[in-house]
Amino acid sequence: MSIQGHEQVEKSYDPLDTTLTFVNRKDDLDPMCSDDDDCLRAEMSCGHAVTPDSLTQWCRSQLNQGHYKFKCPAVVEGTTLCNKLWSYQEVRRLADLSVEEMQHFEETMARLAAAEYCEIQLCSKCKTTVERKDLSNLCVTCTICTADRKKTYQFCWQCLKKWKGPAPRSDRCNNNGCVNNDLELLKNCKMTALPQVKGVKACPSIRACPTCGQRAEHDKTGCKNIICPRCQVEFCFVCLKLTSECLKTSSYFIPCSGGVAPRQTSIPVWRRN
């Protein structure tokens, strides 16, 4: 479906806006766009043409995928993408974002940026944001609840209930039903094949990134390596080594020298620098 086919009020540029550079060529973000389309197109800083609708929809799709930095997806040669970084100020102006869209974009960007650099979650009692600094400890203190109650209030990062049992702990608290659902998925996931990788007929279908622990799946196309959507580190989905290590004794489309890593029974903790 064309990006412009998304159900929404169609946007258009003001032809009298002298702050924009208008161009008479196809929309580089919408492959279904025709050269004969009367919609005004403006040039981004990278030189590619967009409409406010196509730019809005592309950037919204990036936010939905967990990316808060916007890069130009236009093809420049063969399969090579432009990948020029656009500032939010430029996106906001050329996407002609409404007040509601700006609020959605800015709140989502702030949340994604915060999640990249720190562990944050809402306290189940006071609903304020709490940061977990020790990623190996599930017992976290809420400073707001502690101040209000005049005594230390700790809750479990995993089940969000008031902390029960000894601390620190990295696996669970003593509340009934406190389980790590991501870990259960890793331990019990189905096996899958990677059709384009020689000899990989049975590989766990869900992995935790060996760098940050983010859950990831392979789309079953291309080589055996994937890039973690959270920390952006590339690793081998088959052997779980970083790509640079895996390729020392293997290549992208042949079996790993160490074979297929079994289902993971623990989630790596991100040791941020």
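Just so it is clear, the structure is predicted and the values come from calculations on it, not from any experiment. (Residues numbered from 1 in each chain as written. Predicted model: local features only at pLDDT ≥ 70, side-chain atom pairs only at ≥ 80, totals over all residues. Heavy atoms only, no water.)

Re the overall build of the chain
We count it as follows: Helix and strand assignments come from DSSP, with helices taken as H or I runs of at least 4 residues and strands as E runs of at least 2, each series counted from the N terminus. This radius of gyration counts C-alpha atoms alone. The globule rule is 2.2 Å times how many residues there are, raised to the power 0.38. Here's how the labels work: a residue is buried when its accessible area is under 20% of the maximum for its type, exposed when over 50%, partly exposed in between, all with a 1.4 Å probe on protein chains only. Only heavy atoms enter the contact rule, under which two residues are in contact if any of them lie within 4.5 Å. With residues, only the protein chains shown are counted as cover, and all accessible areas are computed by Shrake-Rupley using a 1.4 Å probe. We count Lys and Arg on the positive side and Asp and Glu on the negative side, and we leave His and both chain ends out. The atom standing in for a charge is NZ when the residue is Lys, CZ when it is Arg, CG when it is Asp and CD when it is Glu.
A count of helical and extended segments in the chain gives six helices and 17 strands. Relative to the globule expectation of 19 Å for 273 residues, the C-alpha radius of gyration of the chain, 23 Å, shows a markedly less compact shape. C-alpha atoms of the chain, sized along the principal axes, occupy 65 × 60 × 35 Å. Taken across its 273 residues, the chain has 37% of its residues classed as buried. If you take every contact in the chain between residues at least 6 apart in sequence, the share linking residues at least 24 apart comes to 48%. When the accessible surface of the chain is totalled, it reaches about 15,900 Å², and 50% of it is carbon and sulfur. Here the chain contributes 37 positively and 32 negatively charged side chains, and the mean placements of these two sets differ by 17 Å.

Re the nonpolar core
Defined as follows: We define the nonpolar core as a collection of buried residues of types Ala, Val, Leu, Ile, Met, Phe, Trp, Tyr and Cys that are connected through side-chain atoms lying within 4.5 Å of one another.
Counting 22 residues, the largest nonpolar core has L55, F70, W86, L94 and F105 as the members making the most contacts within it. When contributions to this core are tallied by element, the ones reaching two or more residues are α1 (52–64), α2 (88–94) and α3 (99–117). What L94 contacts, discounting residues up to four positions off in sequence, is Y13, L20, A42, E43, M44, V50, P52 and L55. L194, C209, C228 and C256 belong to the second-largest nonpolar core, a separate cluster that totals 21 residues.

Things to note about the pairing of strand β8 (residues 119–122)
Side-chain positions along a regular strand alternate between the two faces of the sheet. Spelled out, the test is: Strands are treated as partners if at least two bridges between them are detected by DSSP.
Bridge count between β8 and strand β9 (residues 129–132): four bridges; the pairing is antiparallel. For Q121, the partnering residue across the bridge sits in β9 and is V130. Counted along the chain from β8 to the antiparallel partner β9, the turn is six residues long, and its residue K127 has a positive phi close to 65°.

Structural notes on the side chain of T192
Note the following rule: Any pair of nitrogen or oxygen atoms within 3.5 Å is treated as a polar contact; in protein, a donor-acceptor pairing is required on top of that, and neighbouring residues in sequence qualify only through side-chain atoms on both sides.
Mapped onto the elements, T192 comes out in strand β12 (residues 191–192). Here the side chain of T192 touches K220 through a polar contact of 3.3 Å, side chain to side chain. Those residues in contact with T192 that lie beyond four places of it in its chain are K201, A202, C203, P204, S205 and K220.

Section: the state of the cysteines
Applied cut-off: Cysteine sulfur atoms are paired as a disulfide whenever they come within 2.5 Å of each other.
Under the defined criterion, the tally for this structure stands at zero disulfides. Free cysteine: C126, not disulfide-bonded; nearest cysteine sulfur from C142 at 3.6 Å. Looking at the unpaired C256, the closest cysteine sulfur is the one in C236, lying at 3.5 Å.

With respect to α1
Defined as follows: By definition here, a helix of n residues has an expected span of 1.5 Å times n minus one.
Spanning 13 residues, α1 covers 18 Å between terminal C-alpha atoms, matching the ideal 18 Å at 1.5 Å per step. G66 sits one or two residues past α1 and shows a positive phi near 90°.

Some thoughts on the packing of aromatic side chains
Using the following cut-off: For Phe, Tyr and Trp, rings pair up if their centres lie within 6.5 Å, where Trp contributes its six-membered ring, and each pair is then called stacked (planes under 30 degrees apart), edge-to-face (over 60) or tilted (otherwise). Cation placement over rings: the criterion is NZ of Lys or CZ of Arg within 6 Å of the ring centroid and within 35° of the ring normal.
Across all of its chains, the model carries three aromatic pairs by this definition. Taking the centre distance of 6.0 Å and the plane angle of 55° together, the rings of Y13 and F22 count as tilted. Ring centres 6.3 Å apart and planes at 20° place the aromatic pair F155 and W157 in the stacked group. Above the plane of the ring of F237 lies R207, whose end atom (NZ or CZ) is 5.9 Å from the centre.

Here we look at unusual backbone geometry
At the junction of A167 and P168, the peptide bond is cis and its omega measures out at 5° in the coordinates. The phi dihedral of K127 falls on the positive side, at around 65°, and the residue is not glycine. Residue position: K127 is located in the loop between β8 and β9.

Points about the pattern of salt bridges
Which entries qualify depends on this criterion: Salt bridge, as used here, is a side-chain nitrogen of Lys or Arg placed within 4 Å of a carboxyl oxygen of Asp or Glu.
Counted according to the given criterion, the structure contains seven salt bridges. K11 is the salt-bridge partner of E101, the closest N and O atoms lying 2.8 Å from each other. You can see E101 sitting in helix α3 and its partner K11 sitting in the segment before β1 (22–23), a full 90 residues away along the chain. Here E101 matches K11 in class, with each residue buried. Across the pair R169 and D171 runs a salt bridge, and its minimum N-O distance is 3.0 Å. Ionic contacts of the salt-bridge type, sharing partners, join the residues K11, R60 and E101 into one network.

Remember, this is a structural readout, not a statement about activity or role.
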